Amino acid sequence: MSQSHNASVAAAPPPQVAAIALEAPATDRGTRTRAGSAWFGLCTAALLAVVLIIFMLQNTGSVQVNFLGMSGSLPLALALLIAAVGAAMLTMVVGTVRIAQLRRLSRHRRELDQRR
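Since we're looking at a predicted model, the values are computed, not measured.

> Would you mind showing me how to read the overall build of the protein chain here?
For the protein chain, the helix and strand inventory stands at 3 helices and 2 strands. Classification of the 116 residues of the protein chain by burial places 2% in the buried group. A total accessible area of about 11000 Å² is found for the protein chain, and carbon and sulfur atoms account for 66% of it.

> Before we go on, may I ask you to explain the environment of Thr60 in this structure?
With respect to the element layout, Thr60 can be found in the loop between helix 2 (34-58) and strand 1 (62-67). Taking C-alpha positions, Thr60 is 8.3 Å from Leu78, a pair spaced 18 residues apart along the chain.

> Where do I start with the pairing of strand 2 (residues 70-75) in this structure?
Regular strands show a simple pattern: their side chains alternate between the two faces of the sheet. Relative to strand 2, strand 1 runs antiparallel, the two being bridged by 6 bridges. By the bridge assignment for strand 2, Val65 is matched with Gly72. Linkage of strand 1 to strand 2, two consecutive antiparallel strands, is achieved through a turn of 2 residues, within which Leu68 is found at a positive phi near 50 degrees.

> Can you help me understand unusual backbone geometry in this one?
With the exception of glycine, most residues fall at negative phi, and the peptide bonds are largely trans. Its identity as a non-glycine residue notwithstanding, Leu68 has a phi of 50 degrees, on the positive side. Among the secondary structure elements, Leu68 is positioned in the loop between strand 1 and strand 2.

> What is the right way to read the confidence of the model for the protein chain from this model?
Caution applies to low-pLDDT regions: their predicted coordinates should not be interpreted in detail. When the pLDDT values of the protein chain are averaged, the result is 81; 74% of them are 70 or greater. Mean pLDDT values over the elements of the protein chain span from 54, in helix 1 (residues 2-11), up to 90, in helix 3 (residues 76-115).

> Mind showing me how you'd approach the packing of helix 2 against helix 3 here?
To describe two helices that pack against each other, one gives the angle between their axes and the distance between the axes. Here helix 2 crosses helix 3 at 135 degrees, and the two axes come no closer than 7 Å. Comparing their axes, helix 3 and helix 2 come out oblique. From helix 2, Leu52, Phe55 and Met56 reach across to helix 3, where they touch Ala77, Leu80 and Leu81. Across the contact of helix 2 with helix 3, the residue classes break down as 6 nonpolar, no polar and no charged.

> What exactly am I supposed to notice about a nonpolar patch on the surface here?
Judged by side-chain polarity, Leu52, Phe55, Leu76 and Leu80 come together as a nonpolar surface patch covering roughly 300 Å² of accessible area. Elements with a contribution of two residues or more to the nonpolar patch: helix 2 and helix 3. Tracing the backbone shows Leu76 in helix 3. Overall, Leu76 belongs to the partly exposed group, its relative accessible area being 31%.

Conventions we followed
Starting from 1, residues in each chain are numbered consecutively following that chain's sequence as written. Since the coordinates come from a predicted model, pLDDT governs what is reported: local features require at least 70, and pairs of side-chain atoms require 80 or more to be given and counted, while whole-chain, interface and lining totals use all residues. Excluded from the side-chain calculation are hydrogens and water; included are all heavy atoms of the structure. Starting at the N terminus, helices and strands are each numbered in turn, a helix being any DSSP run of H or I of at least four residues and a strand any DSSP run of E of at least two. Under the scheme applied here, a residue whose accessible area is under 20% of the maximum for its type counts as buried, over 50% as exposed, and between as partly exposed, the area being computed with a 1.4 Å probe on protein chains only. We get accessible surface area from the Shrake-Rupley algorithm with a probe of 1.4 Å; when it comes to residues, only the shown protein chains can shield them. For two strands to pair, DSSP has to find at least two bridges joining them. As a per-residue measure, pLDDT reflects the predictor's confidence and takes values from 0 up to 100. Between N-to-C directions, angles span 0 to 180 degrees; the directions come from axes that are lines fitted to C-alpha atoms, helices contributing only their stretch in contact. Orientation labels follow simple angle bins: below 35 degrees gives roughly parallel, above 145 gives roughly antiparallel, 65 to 115 gives roughly perpendicular, and whatever is left gives oblique. Contacts between residues were defined by any pair of non-hydrogen atoms, one from each residue, lying within 4.5 Å. In this classification, Asp, Glu, Lys and Arg are treated as charged, Ala, Val, Leu, Ile, Met, Phe, Trp, Tyr, Cys and Pro as nonpolar, and every other residue, Gly included, as polar. Patch membership needs two things, relative accessible area over 30% and no salt bridge, and members are linked within 9 Å if like-charged or within 5 Å if nonpolar (Val, Leu, Ile, Met, Phe, Trp, Tyr). Basic side-chain nitrogens of Lys or Arg form a salt bridge, by our definition, when they fall within 4 Å of a carboxyl oxygen of Asp or Glu.

Structure below.
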């Protein structure tokens, strides 16, 4: 029985796959442009700056900070801002190193492909 079942499965035609539309659905919105993206980015940055200013104005209390043997007092908002900028810079350094590694690997692979 298993031989006749296998034979009928092997002789069956492959199932038909529905075609998938490759075009995006039409919308009423316009296309994205670099100027539009830049405008959105500027508006977002301006709103974030306003939020940051409000945060700094509300957190003016002085705090004691110790770092690598240095000691001092400064407003809480400024201490947090310095810490956030430091973390962002560290993230950028790590990202830059990784991008350099990937570019070097890509260039090496491209050179190997050209030799073949």
